[in-house]
Amino acid sequence: MRKIKWGVIGCGGIADRRTLPGMMLAENAELIAVMDTNMDFANNCKEKYNAKYAFNNIEDLLAIDEIEAVYIASPVFAHKEQAFAAAKAKKHILLEKPLGITVAESQEIVDFCKAEGVKLSAGFMMRFHSYHQKMKELIADGAIGEIVSMRAQLTCWYPDIENCWRQTKKLSGGGAMIDMGVHCADLLQQISGLEAKEVCGFAGTQTFSYDVDDSGMLLMKMNNGAIAMVDANFNIPDAAAKCKMEFYGTKGSMMAEGTISQIEAGQVEVFMSDDAKGYDAAQERCELKAQMLEVEFGNMYTKEVEAFGNAIINDTEPVVTAESAVQVQKIIESAYAANDSKKYVTL
């Protein structure tokens with residue numbers, strides 16, 4: 001099997017914790033070089049993952065001819081410059097979400113990569129979760145009828161940290177909503193097959209003192225009229241977070257718990273009803289029994305890397321398109337705009 005030769009830009013955080021271990025399991029991937037501005041991080045990753053080279057600058061990594069693709073996991077404020085450099089060097093790019101600090105910047109990255117003839121994909125690895133793919137399949141088959149309501153939540157405990165780029169708006173573009181809510185909005189659309197057409201939202205800093213939101217909620221009206229809700233928080237303890245996702249339809253519902261995560265885990269209950277039944281004035285709800293979905297867990301990051309590698313090998317469109325990443329970022333940016341403009345009814 002042909003193996004795509006990779007370079008990794010940004011060795012800390014998610015790269016070292018999840019993506020590089022996943023890449024090691026990918027059948028069509030070979031790690032060639034790692035780069036981080038902190039040379040200790042780069043050297044540690046070189047040894048840990050058996051890369052050939054370690055650098056503290058992007059120019060040296062991009063100069064290696066055998067590298068075909070790069071995974072960029074640096075802070076979002078560095079994405080544009082690094083993606084432009086990689087595209088100029090004709091390297092295909094797997095770029096962590098969000099692509100850029102703003103929708104406009106993300107679109108610039110998309111347009112530049114197209115002009116340079118390189119493939120670009122976004123790091124929405126949760127789409128590859130076995131449960132999420134099974135839920136998408138069942139909904140597409142009509143298992144719970146037409147979707148009428150959806151909800152997803154992703155939270156963590158993220159207190160004030162000195163010199164933390166994610167807690168500085170000009171460096172991150174926002175807080176809990178753009179960092180965590182973006183996964184939820186993306187999953188609700190991908191699993192349901194629906195697309196947001198109207199958005200409103202609330203976001204604020206309720207608990208901590210940084211200048212990005214630690215609490216947020218957005219509402220989306222989907223193209224079929226269904227209403228979807230996203231909760232995103234940096235101020236809920238990890239042990240208290242259930243990270244639930246719910247889909248309600250005209251024939252039943254799906255309830256996922258613990259699937260919105262950095263690992264494949266959790267459980268999914270499906271409730272299906274006979275839509276031919278008439279109105280029940282007593283609203284008895286004891287008849288429906290949960291069906292537990294069964295899937296075989298894997299590694300989302302491995303599947304993400306393999307999928308992008310296959311797109312390069314077969315010259316096909318990436319499974320996670322850059323355009324879909326821009327669209328979901330528009331949802332979050334619109335929620336922030338709605339919050340800032342206060343264009344909602346005051347009771």
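Residues numbered from 1 in each chain as written. Predicted model: local features only at pLDDT ≥ 70, side-chain atom pairs only at ≥ 80, totals over all residues. Heavy atoms only, no water.

**Student:** So, the packing of aromatic side chains: which residues are in play, and what are the values?
**Tutor:** Each pair of aromatic rings is reported with the distance of its centres and the angle of its planes. By the definition in use, this model includes eight aromatic pairs. With centroids separated by 5.6 Å and ring planes inclined at 35°, the aromatic side chains of Phe208 and Tyr210 adopt a geometry described as tilted. The buried category is assigned to Phe208, whose relative accessible area is 14%. Classification of Tyr210 by relative accessible area gives buried; the value is 7%. These aromatic residues form a ring-pair network of at least three members: Trp157, Phe208 and Tyr210. (Phe/Tyr/Trp six-rings, centres within 6.5 Å; stacked < 30°, edge-to-face > 60°. Buried < 20%, exposed > 50% of the residue type's maximum accessible area, 1.4 Å probe, protein only.)

**Student:** Help me get a handle on the packing of helix α5 (residues 103-116) against helix α10 (residues 322-341), residues and values and all.
**Tutor:** At a minimum axis distance of 9 Å, the contact between α5 and α10 shows a crossing angle of 170°. Classified by the angle their axes make, α5 and α10 are roughly antiparallel. Facing α5, whose interface residues are Val103, Ser106, Gln107, Val110 and Lys114, α10 presents Ala322, Glu323, Val326, Gln329, Lys330 and Glu333. In terms of residue class, the contact of α5 with α10 is built from four nonpolar, three polar and four charged. (Axes fitted to C-alpha atoms, helices over the stretch in contact; angles between N-to-C directions. Helix = DSSP H or I, 4+ residues; strand = E, 2+ residues; numbered from the N terminus. Parallel < 35°, antiparallel > 145°, perpendicular 65-115°, else oblique. Contact = heavy atoms within 4.5 Å. Nonpolar A, V, L, I, M, F, W, Y, C, P; charged D, E, K, R; others polar.)

**Student:** I'd like a description of the layout of surface pockets, backed by residues and values.
**Tutor:** Each pocket or cavity is described by its volume, and for the largest pocket that value is around 1,200 Å³. Forming the boundary of the largest pocket are 49 residues, of which Ile14, Arg17, Arg166, Asp179 and Gln262 lie nearest the centre. Of all the secondary-structure elements, those providing two or more residues to the lining of the largest pocket are α1 (13-25), α4 (79-88), β7 (147-155) and α8 (176-192). Among the residues forming the lining of the largest pocket, the class breakdown is 24 nonpolar, 17 polar and eight charged. (1 Å grid on protein atoms, 1.4 Å probe; cavity = no way out; pocket = protein on both sides within 12 Å on 5 of 7 lines; lining within 4 Å. Points joined across faces, edges and corners; volume = space filled by probe spheres on them.)

**Student:** Let's hear about the pattern of salt bridges: which residues, and what values?
**Tutor:** All chains considered together, the criterion is met by 16 salt bridges. For the salt bridge of Arg127 with Asp186, the shortest nitrogen-to-oxygen distance reads 2.8 Å. Of this pair, Arg127 sits in the loop between β6 (120-122) and α6 (130-140) while Asp186 sits in helix α8, and the two are 59 residues apart along the sequence. The pair Arg127 / Asp186 is uniform in exposure class, with both members buried. With a shortest N-O distance of 2.5 Å, Lys303 and Glu264 are connected by a salt bridge. Placement of Lys303 in helix α9 (residues 300-314) and of Glu264 in the loop between β12 (252-257) and β13 (267-272) is noted, with a sequence separation of 39 residues between them. According to the relative accessible area criterion, Glu264 is buried, its value standing at 9%. (Salt bridge = Lys/Arg side-chain N within 4 Å of Asp/Glu carboxyl O.)

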